[in-house]
Each structure stands twice: as structure tokens, then as C-alpha cells.
Amino acid sequence: MSVYHRPDANKVQLLKDIANKLRIHSINTTSTCNSGHPTSCCSAAEIFSVLFFNTMKYKVAVPKDPSNDRFVLSKGHACPILYAAWAEIGLFPTADLLNLRKLSSDLEGHPTPRLNFIDVATGSLGMGLSFAAGMAYTGKYIDKSDYRVFALMGDGESAEGSIWEAMAFSSHYKLDNLVAIFDVNRLGQSDPTSLQHDVETYRKRAEAFGFNTYVLDGHDVCELVKAFHNAESVKDKPTCIIAKTFKGRGIQGIEDELNWHGKPLGGKSEQAMAEIQAIIQNNGPYNIVPPHPQDDAPKVDISNIRLPEPPVYSEPTACRAAYGKAIAKLGSANSRVIAMDGDTKNSTYAQKLMDIRPDQYVECFIAEQNLVGVGIGTATRDRAVVFLSTFAAFFSRAFDQIRMGAISQTNVNFVGSHAGVSIGEDGPSQMALEDLSMFASIPGSTVFYPSEAVSTERAVELAANTKGICFIRSSRPNVPILYDQNEKFEIGKAKVIRQSPDDKVTIVGACVTLFEAVKAADELAKTGINVRIIDPFTIKPLDAACIIENARATGGRIITVEDHYPEGGIGSAVASAVSECRDIIVRKLAVNEVPRSGKSAELIEKYGIGCSSIVKAVNQIMSL
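Just so it is clear, the model here is predicted, and its values are computed rather than measured.

The rules behind each value
Residues numbered from 1 in each chain as written. Predicted model: local features only at pLDDT ≥ 70, side-chain atom pairs only at ≥ 80, totals over all residues. Heavy atoms only, no water. Helix = DSSP H or I, 4+ residues; strand = E, 2+ residues; numbered from the N terminus. Buried < 20%, exposed > 50% of the residue type's maximum accessible area, 1.4 Å probe, protein only. Areas by Shrake-Rupley, 256 points an atom, 1.4 Å probe, with all protein chains shown as cover. Lys, Arg positive; Asp, Glu negative; His and termini not counted. Charge placed at Lys NZ, Arg CZ, Asp CG, Glu CD. Pairing = 2+ DSSP bridges. Axes fitted to C-alpha atoms, helices over the stretch in contact; angles between N-to-C directions. Contact = heavy atoms within 4.5 Å. Parallel < 35°, antiparallel > 145°, perpendicular 65-115°, else oblique. Nonpolar A, V, L, I, M, F, W, Y, C, P; charged D, E, K, R; others polar. UniProt positions renumbered as here; feature names shortened; annotations may be inferred. Salt bridge = Lys/Arg side-chain N within 4 Å of Asp/Glu carboxyl O. Polar contact = N/O pair within 3.5 Å; in protein donor to acceptor, adjacent residues only side chain to side chain. Expected span 1.5 Å × (residues − 1). Core = buried A, V, L, I, M, F, W, Y, C linked by side-chain atoms within 4.5 Å. Phe/Tyr/Trp six-rings, centres within 6.5 Å; stacked < 30°, edge-to-face > 60°. Lys NZ or Arg CZ within 6 Å of the ring centre and 35° of its normal.

The helix and strand inventory of the protein chain stands at 21 helices and 19 strands. C-alpha atoms of the protein chain, sized along the principal axes, occupy 95 × 50 × 40 Å. Evaluated residue by residue, the protein chain yields a buried proportion of 61% over its 624 residues. For the protein chain, the accessible area works out to roughly 23300 Å², and carbon and sulfur atoms hold 47% of it. In the protein chain, 64 side chains carry a positive charge and 71 a negative one; their mean positions are 1 Å apart.

And the structure:
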């Protein structure tokens, strides 16, 4: 443990001056663009000054160097002061700060990784600590590196449950390389926060969650320097700093006053900046070189990750079981393949990787928002290939984290099991019937819907090498094997699994409904009606060319059948793909109401996606 030395008077004054310089930048930039959150910036000025100009170890010229300390601004609306800190440290000219919120600038109203010093997008509150926990977990257990992670949160966002999910996770995994900082400035957007300046309650809560906790004056640079120094020597506990601050600090008539959240100072800005400028003794440039990191993060190669052996099956197998087999194979081939789950690993079969490589599995417990946030954090800076699994329905509670993952340019793979009524007796709360729609709505996403075990393993392999968010629907029932080990699968390429020269209708289904379509085809053949069957493999992107070509070969008739609600699934994707084609009609079979418990086969028939319903739909569409 290094001995703490109080900074000398010159260093203390310098950190105070830098904090005030950051305040001036925050006021000036938000006034120039006439929007933003200057008062939220001003409460955190000393925190930024001490972190970026004294405590954090990083290379200015390479903000995302793998050995650098990480910083996550969970209260993303305070980004003008974050931008100002990077400008003052020398990453880019301070004059560029005046481009804040302009269409031509990457200095957006809330931070995104379009900027080379941002790892994750923030602004939807309550997520930053989960992101930071994922980074810290990676540093401690995967990279085994000395870099540290700092997350700054507003006191208002501490009302979000995801914050406390992240606190529980961080304590459980003893993330002593993580520092969570609460900027307790008392005021929310429209009212005071629930606890206002009751820092003692914040302390009790943080300590109850297992954090080494300091309560301090967030405007006292000496207290901040000491707390950050002491935190570095704490072992087996994350640290929480409760910083009592004042919103709008340093702005006369506005400090600690309501109704200034998200408002530039307008006509008050010039006077405010002049008053702050008057107390600055050293205007810079500051020419501070941050402490150099250890350069101990290992080099990582997460490209071209392949199954070490092909998928071979002979008996009917559930897609979820095939996922478990695939993730275990990939994990054994590359130590950077990481599986995470929310206490469903024995149902999603993520346990298969844990069984052989326990250090590549992370149990996130029943906290799906944190599960997703931690996964996003773990995947930053290309340190790991992350697969997150749970029942597909439960990802819906983390949809905000998922959409923020897309804005964060994350490469995370989501695997959702227990999809649709085919899961059987568990009932509608467990049945994902909107998951395809949810993930398809995410920009840049890839949505896999494998129909059997071989294609599931190949979907996992493809997802591991695909940029952006990927979703794999891994169904529960055992289903027959369609493909042999040499079958090639590509994103956006469908498979025609049944056809003849005189097919009358094209049927598009996946997994359980694909096999219901095969049964229906056998029944229809007895009456002299042949149908064509397509396995789409990916719903996004959909193989539109294949769909259109086969529809035209079958009289322009398409029936889609899916274990999903009618909105946003296979039927919607197919209908969209053929929407500009003349003389093609689409009939959608889907689950059209909230289902109930029952046996899988009963439910498939009851809700109109089984063999008899497909036969009926074919006869009806042929009569049009």
C-alpha cells in the first residue's frame, strides 16, 4: 500500500482551477448551442478534475488502449464536462467544444462511441454502473490487468433498480478495481431527489451492498484525491464514493436552485463565466501528463472463431441443447468466449461451458437488466466474445439496455430459450411471443431462428464472428435433425427443404412450425396438393430473393407460420420483403391472443399454428 501524501498547495490550486475551467467550458458550450445541462456539469467539476488530471492512468493519444483506466459517465447528460476534460488534457482542441450538439459534430447531446474516448453510450439513466461492472470484471478475471474502472452516477438515477443490481453483482464478485461515484447534488429534473442531501442513508445503502464507502465533500479536491488514492489499496471490495455536491456550483443565483435542469444559462452565461474566471489563478494550458498505465493487458484475438468440430446429431435434439454444445465447443477453442446467464443456465444449457471452463462463465443471477449491462461492458474494447442467455421473454425487461447496446456499437450475442407456446405447461408468462419483433427492431441487429440442432450450432458460430447485436432463438422442444454436418449456413440465406415441380403454395416456418409444415405437406400430398417449404434461418436479414423466387414458382402464394405473435416476426418480415412485388399474397398464421398452459402439441393446434391449421390455410389460399 502506497503512503498517501496530501497534494501541495500548488497542486491543490491547480486542480481547483481546472475544475473551474471545466465549468466555464460547460456553460459556454451549452449556451452556444442553446441546449444542454450546464448545472449538472458544474456539480461534478472537481470530480472530473481530480480523476482526469490526477488519479486515472491512461494514454491521452490512445483513449481506448486496453491497459488504460476506464471511465463511464452514467449521468450522460453531463457530457459537456466530459468533453471539456478530454479537450483540456490535450486530446483535441478546446475550440472544438463549441461544436457541441451540432449535426456535423460527434460531440452529441449524450455520449456515444462515435467518439474515440467513449466505450458505451449513456443517457438512459441507471445503466452506467452495470457497464462499468462488466469492464471491471473483465479487468480482474479475464484480462487479469491492473486497469481500474470509474463510474460517475447522478443521485437521481440511484432510484433505478438496475443501479442496485449492479451494486450486488460488483460486491459478489469482489470487484476491487471498480469505483462507483454518486454525485449527490440534491436536485433532480423536476423536483428534489428523494433523499436530497441525506448522504448518511446513501452510505448505509452502499455499505449494506458490500462496498468500501467514503462520504465526502465533492467540491473538496483534497478529499477526493485522498479517497481515490485509498480506494486503490482496498482488496476484495468495490469502492463507493458518496460526494455531496451542489447543482450549478459556482453560478450565483442558480446554484442549488430548482428549474435549471437541462437549461442553458442564456443571458446569465457571460456573467457566470466572468465570476468563475475571476477566481482562477492558472488559466493553462495545463500540460499535465496523466500517470502511465502498466501496459499489462494481454493482446487478444477474437477474430475467426470457429467450431473445432462439426455439429453431428442423429436423434431429435432441442435447439437450446445444441446451443449449450456449441458454446462449450467455441469456449474450448478460444478462451475469450464468455457465457453469461441469469440463473437459467441449466435450462438454456449455458452450463455446458461452465462445466468445462468455469472461468469463462459468469453467473449474473436473476437481474436481467444488469446481465445485459455487464455483457455490454465486458465486450468493450474487443476484449471478449460475449453470449448472454436466459428465457427469451425475460430479455424484454432489459429492452432499454439492449437498445442502448446498439447505440454503444456493442458486439453482444443474445440467446433466448423457451420461445412460444411450444414450451407447454409453464404458461404465457414464460412464453416469448414478442422476442423476434423486439430484436428485429434493433438497428443493425442480426436475428437467427435456427430450426434444429445443426443449424443452431452454426448460428452460434456465425454470431461469434458478426458485428453488432445478434439474437438466437433457441427453442425448447426436441425436434428432428434436418441437416448433415457439412451443410453450409450463411446469414441472410434460407434453405428450401421441400419442393417439387408442381408446388402450389410456399410455406415459411421455423423450428416447431417448420416441422408442422412438413406434416401438413404430407397430408396435402395425399390429396394431390404439393407445397414448398422454406427454412429462413435468419429473420433479419431475411433471404428476400429466395422467398420471392419460390413464391413466384408457386402461383404467388405464401403462408407463414410461426410460434410468435403476428406482429414483427416471420410473417411481418416476409410481408415486408414482398411488399413491392405484384401478384404475391401472404397469409400469416401466428399466435393471435395471450395463450394459456397446456401440452405443447395441444397449444400448437389450439392457437392455429399446427398441421391442421396449415392444411386449412393452404386450401383457403388456393381458392382465392
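Now that the structure has been shown, the text picks up again.
What follows deals with the sheet that holds strand β15 (residues 505-509). Within the open sheet, the 5 strands sit side by side as β14-β16-β15-β18-β19. Their pairing is mixed. Every other strand in the sheet has two partners, leaving β14 (495-498) and β19 (585-589) as the edge strands with one partner each. Taking each pair of neighbouring strands and ignoring which way they run, the sheet shows an average axis angle of 25°. Pairing geometry for strand β18 (residues 557-561) and β19, over 5 bridges, is parallel. Across the sheet, Ile 558 pairs through a bridge with Val 586, a residue of β19. Most of the contacts of helix α18 (residues 544-553) go to strand β16 (residues 531-535), to which it runs at about 175°, and overall it touches β14, β15, β16 and β18. Taken strand by strand, helix α19 (residues 570-577) contacts β15, β18 and β19, and its axis lies near 155° from that of β18.

Looking now at the packing of helix α1 (residues 9-33) against helix α8 (residues 221-232). With their axes 10 Å apart at the nearest point, α1 and α8 run at an angle of 105° to one another. Here α8 runs roughly perpendicular to α1, going by the angle between their axes. Residues Val 12, Leu 15 and Lys 16 of α1 lie in contact with α8, whose contacting residues are Val 221, Cys 222 and Val 225. Looking at side-chain class alone, the contact of α1 with α8 contains 5 nonpolar, no polar and 1 charged residues.

Within this numbering scheme, the UniProt entry marks residues 317-481 as carrying the feature "domain: Transketolase-like pyrimidine-binding" (unreviewed entry). With 39% helix and 20% strand, residues 317-481 has end C-alpha atoms that lie 7 Å from one another.

By the secondary structure assignment, Asp 341 is in strand β7 (residues 337-341). Comment: no salt bridge for buried Asp 341; closest opposite-charge side chain is Lys 345, at 6.8 Å. In this structure the side chain of Asp 341 is engaged in a polar contact, spanning 2.4 Å, whose partner is the side chain of Ser 389. The contacts of Asp 341, once residues within four sequence positions are left out, are Thr 348, Ala 350, Tyr 361, Val 362, Glu 363, Cys 364, Phe 365, Leu 371, Ser 389 and Thr 390.

Let us look at the pattern of salt bridges. Under the criterion given, the structure shown has 29 salt bridges. Glu 46 is paired through a salt bridge with Arg 23; the nearest N and O atoms lie 2.7 Å apart. Placement of Glu 46 in helix α3 (residues 45-55) and of Arg 23 in helix α1 is noted, with a sequence separation of 23 residues between them. Across the pair Lys 599 and Glu 425 runs a salt bridge whose closest N-O atoms are separated by 3.7 Å. Placement of the pair is Lys 599 in the loop between β19 and α20 (600-606) and Glu 425 in the loop between β10 (412-417) and α15 (435-440), with a sequence separation of 174 residues.

What follows is about helix α10 (residues 319-333). Because the α-helix completes a turn every 3.6 residues, residues three or four places apart line up on one side. Along its 15 residues, α10 runs 21 Å from first to last C-alpha, staying within 8% of the 21 Å computed at 1.5 Å per residue. With respect to burial, α10 is a largely interior element, 11 of its 15 residues being buried. Within α10 the residues assigned to the buried category are Cys 319, Arg 320, Ala 322, Tyr 323, Gly 324, Ala 326, Ile 327, Ala 328, Lys 329, Leu 330 and Gly 331.

Attention now goes to unusual backbone geometry. Here the residue pair Gly 284 and Pro 285 is connected by a cis peptide bond, since its omega of 5° sits within 30 degrees of zero. When you line up the elements, Pro 285 lands in the loop between α9 (269-277) and β6 (317-318). Notably, Asp 236 is not glycine yet its phi reads approximately 65°, a positive angle. As for its position among the elements, Asp 236 is in the loop between α8 and β5 (239-244).

A separate point is the environment of Gly 556. Within the secondary structure layout, Gly 556 lies in the loop between α18 and β18. Exposure remark for Gly 556: the relative accessible area of 4% places this residue in the buried category. With residues near it in sequence (within four places) discarded, Gly 556 still touches Ala 551, Asp 583, Ile 584 and Ile 585.

So, about the sheet that holds strand β17 (residues 538-540). Across the sheet, which stays open at both edges, the 7 strands sit in the order β8-β7-β9-β10-β12-β11-β17 with mixed pairing between neighbours. Single-partner strands in this sheet number two, and they are β8 (361-363) and β17. Here the strands of the sheet are splayed against their neighbours by 20° on average, with no regard to which way each runs. The pairing of β7 with strand β9 (residues 385-391) spans 5 bridges and is classified as parallel. Across the sheet, the residue bridging to Met 340 is Leu 388, located in β9.

Attention now goes to the environment of Phe 117. Looking at the element boundaries, Phe 117 is found in the loop between α4 (79-89) and α5 (128-142). Classification of Phe 117 as buried rests on a relative accessible area of 6%. On a C-alpha basis, the gap between Phe 117 and Tyr 147 in space is 16 Å, while along the polypeptide they are 30 residues apart. Residues in contact with Phe 117, not counting those within four places in the same chain, are Pro 63, Leu 82, Tyr 83, Trp 86, Leu 91 and Phe 92.

Ranked by size, the top nonpolar core spans 115 residues in total, and within it Phe 395 and Phe 414 carry the most contacts. Per-element accounting of this core gives the leading share, 8 residues, to α5.

A separate point is the packing of aromatic side chains. Throughout the structure, instances matching the rule amount to 26 aromatic pairs. The interplanar angle of 45° and the centroid separation of 6.2 Å between the aromatic rings of Tyr 137 and Phe 169 together place this pair among those described as tilted. Remark: Phe 169 occurs in helix α6 (residues 161-172) and Tyr 137 occurs in helix α5; sequence separation between them is 32 residues. Here Tyr 137 falls in the buried class, since its relative accessible area comes to 6%. Taking the relative accessible area as the measure of exposure, Phe 169 reaches 4% and is therefore buried. Judged by centre distance (5.7 Å) and plane angle (75°), the rings of Phe 448 and Phe 537 are edge-to-face. Of the two residues, Phe 448 is situated in strand β11 (residues 446-448) and Phe 537 in the loop between β16 and β17; the sequence distance between them amounts to 89 residues. Owing to a relative accessible area of 0%, Phe 537 belongs among the buried residues under this scheme. Taken together through their ring pairs, the aromatic side chains of Phe 48, Phe 52, Tyr 58, Phe 71, Tyr 83, Trp 86, Phe 92 and Phe 117 make up a single cluster. Arg 70 extends its terminal NZ or CZ atom over the ring of Tyr 147, reaching a point 3.6 Å from the ring centre.

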